[in-house]
Amino acid sequence: MTTDPEPAKSFYETVTGWSYSEMSMPGGMVYNVAKLGDTPAGGIMKMPAEMPEGVPPHWFAYIAVDDVDAAAGKVKAAGGNVLSAPFDVEGVGRIAIIQDPQGAALGLITPAAQG
C-alpha cells in the first residue's frame, strides 16, 4: 500500500524485474498484480482514503490457509481479533484480515483456483 503507486511500481520493476497487470477492485480501486514472468509475486495499490492519517506506505502480509473461514473462526479463541470477516476477491481468493495477540495485522487467504 502506497500513497503513489506509479513510482512504487517503477522502483520494484527496476529492483526485482516485476511486471504488472491491473485488477479492478471494489470502490474504483486498482490493484496492480506484480508478476515475475507469469508468476504472481505481490501487489501494489494506493492506500484507501479510510486509512488512518499518518500510516506510512507499507507491505501487508498474507498467510495461505486451506479454509479461511475455519482459520478466522479460531482467531478469537487464540487471543487475536478478526478485523475484517472473510470476504471474496474475484480471481484472488477468500480473505480475512486479522490481528494477532500482540497487535500485528495480517491477512489470511484461501487462494482462488488458478486455471
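Above this note sits the structure.
Summarised in this report is the structure supplied together with it. Not measured: the values here are computed from a predicted model. (Residues numbered from 1 in each chain as written. Predicted model: local features only at pLDDT ≥ 70, side-chain atom pairs only at ≥ 80, totals over all residues. Heavy atoms only, no water.)

### Focus: the pattern of salt bridges
Under the criterion given, the structure shown has 3 salt bridges. A salt bridge links Lys-9 to Glu-6, with the shortest nitrogen-to-oxygen separation between them at 3.4 Å. With a gap of 3 residues between them, Lys-9 and Glu-6 both fall in helix α1 (residues 5–16), about one helical turn apart. Given a relative accessible area of 49%, Glu-6 falls into the partly exposed group. A salt bridge links Asp-69 to Arg-94, with the nearest nitrogen and oxygen atoms 2.6 Å apart. Note that Asp-69 is positioned in helix α2 (residues 68–75) and Arg-94 in strand β6 (residues 93–99), a separation of 25 residues in sequence. For Arg-94, a relative accessible area of 24% corresponds to the partly exposed category. Via salt bridges that share partners, Asp-69, Asp-88 and Arg-94 belong to a single interconnected network. (Salt bridge = Lys/Arg side-chain N within 4 Å of Asp/Glu carboxyl O. Helix = DSSP H or I, 4+ residues; strand = E, 2+ residues; numbered from the N terminus. Buried < 20%, exposed > 50% of the residue type's maximum accessible area, 1.4 Å probe, protein only.)

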